[in-house]
Amino acid sequence: MQKIYNKQNSFVKLYTLEKKSYQKTLILLKKILNDKKNLKSLNKYQLDIINFVKKDLFENGTKNRPKFKLSPNVIKEIELINKIDIPRYLFHRYRYEIFPEIQALDNYPPYLQIEPTSFCNYRCVFCFQTNKDFTTKSNGYMGRMRLEMFKLIIDQAKNNVEFISLASRGEPLVSPIIIKMLQYTRGKFLNLKINTNASVLTEKKSHAILKSGVRTIVFSADAADSKLYSSLRVNGKLEKVVANIKMFNKIRKKHYSKSKIITRVSGVKVSDKQNFNDMENFWSDLADQVAFVDYCPWENVYQMKLNSLSKPCSELWRRMYVWWDGKANPCEVDYRSDLTPGILKNNNNLSKLWLSSSYNLLREKHVSSLRKNIHPCNRCSVI
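None of the values given here were measured: they were computed from a predicted structure.

Student: Go over the pairing of strand β7 (residues 262-269) with me, naming the residues and quoting the values.
Tutor: Within β7, 7 of the 8 residues are buried, which leaves it mostly tucked inside the rest of the structure. Bridge analysis of strand β5 (residues 216-220) against β7 gives 5 bridges, and the strand direction is parallel. Along β7, the bridge assignment pairs V218 with R264. By the bridge criterion, 6 bridges tie β7 to strand β8 (residues 289-294) in an arrangement that is parallel. The residue of β8 that forms the bridge with R264 is Q289. With helix α11 (residues 276-283) bridging β7 and its parallel neighbour β8, the resulting β-α-β unit is right-handed.

Here you go:
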């Protein structure tokens, strides 16, 4: 039996949503969204989206349209942002949640994932870093983003894309300019996230992360046992990672006690040896949240068996990736960038790439149930 992976709903939620917390958030949102003074900065298009949000949260929703809901992680994010930013946050969150379901587009992707580097110091058994086609330098996939390219991306994303991740095919903290990158993002986005295996996390990098305005830091770890951890995250040592996270928490508590950052330990579920209760017991004192992500076999999608999927992939409307060399891509499973709409340049910006004819043709084929004719979409299990 083929297993299908939905990137939006794949992780096992380990948050408990108390009814009291939900109602409290709902009352706050109603007060904010019904006061016109809080909506002054929004244009007509944004106000139209906010009206959908209001109907979904306070009424019975809109006919023939998916209903926007408050998930536990959204409520947590709302609690940590300034009240004045909440309408803008909900506008972008609605685009992220609902646009992929209704195949809606506007000028920019709801989410942008930026790759500081494709290099990684680990060789995790579930990752394409184990694929020599990818890691052989002469094949051209390995590299580090230059600061000029990073600034170009950030400048175009500012005020247009509010959900940003610094991570993709490699480990972002091995980039030699990651601190400068973090400094340049400071105060520019509502939701800035960084994913790291935490193995090369240092005091300087911890300070840079906490100063930059990162709202979520995800520590990637898959086990509560040292031997199991090292067997999954090859080249990694659990003790080193734990020590680094403890150091980060100590710096956070001492120097940034008012920091509005969510820490999460997220593991990839690949083996029956991995026990969620063990994970929760081990990591819950070290992070605000703990989660497992379903394993998606993406080590080499190009060699996988043909699938029978006809449902469009949600990624085509949810996010865009930008590799270290400025190459845009609709998907990180496609590590070779067979589906790329082009390279980011001064005359080929994020919006042009997002709305490009090649990107739209890909979307049209997915909507028309022609996924079977697209390589490597015809071998991928993500919807």
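Student: Lay out a nonpolar patch on the surface in plain terms, naming residues and giving numbers.
Tutor: Side chains of V125, V234 and V270 sit close together on the surface and give an oily, nonpolar patch of about 180 Å² of accessible area. Structurally, V270 can be placed in the loop between β7 and α11.

Student: If you had to explain the environment of N82 to someone new, which residues and values would you point to?
Tutor: Secondary-structure assignment places N82 in the loop between α3 (72-80) and α4 (86-102). N82 sits 108 residues away from L190 along the chain, and the two C-alpha atoms are 9.5 Å apart.

Student: Give a detailed account of helix α10 (residues 238-255), specifying residues and quantitative values.
Tutor: Residues spaced three or four apart along an α-helix point in a common direction, a consequence of the helix completing one turn every 3.6 residues. Here α10 spans 26 Å end to end across 18 residues, near enough to the 26 Å set by a 1.5 Å rise per residue. When α10 is considered as a whole, its buried residues turn out to be L238, V241, V242, N244, I245, M247, F248, I251 and R252. Structurally, α10 contributes buried residues whose contacts are with α8 (203-212), β5, α9 (226-232), β7 and α11.

Criteria and cut-off values
Residue positions within a chain follow its written sequence, with the count starting from 1. Only residues with pLDDT of 70 or above have their local features reported here, since the model is predicted, and side-chain atom pairs are shown and tallied only from 80 upward, although totals for entire chains, interfaces and linings are computed over all residues. The side-chain figures draw on all heavy atoms in the structure; neither hydrogens nor water molecules are used. Throughout this description, buried means an accessible area under 20% of the type-specific maximum (1.4 Å probe, protein chains only), exposed means over 50%, and partly exposed covers the range between. Helix numbering and strand numbering both begin at the N terminus, where a helix is a DSSP run of H or I of at least 4 residues and a strand a DSSP run of E of at least 2. A strand pair is defined by DSSP finding two or more bridges across the two strands. Clockwise travel from the first strand over the helix to the second, with the strands pointing away from the viewer, marks a crossover as right-handed. Like charges within 9 Å and nonpolar side chains (Val, Leu, Ile, Met, Phe, Trp, Tyr) within 5 Å are joined into patches, using only residues over 30% in relative accessible area that form no salt bridge. Each accessible area value is a Shrake-Rupley result obtained with a 1.4 Å probe; residue values ignore everything except the protein chains displayed when judging cover. By salt bridge we mean one thing: a side-chain nitrogen of Lys or Arg within 4 Å of a carboxyl oxygen of Asp or Glu. Take the number of residues in a helix, subtract one, and multiply by 1.5 Å to get its expected span. The criterion used for residue contact is that any of the two residues' heavy atoms lie within 4.5 Å.

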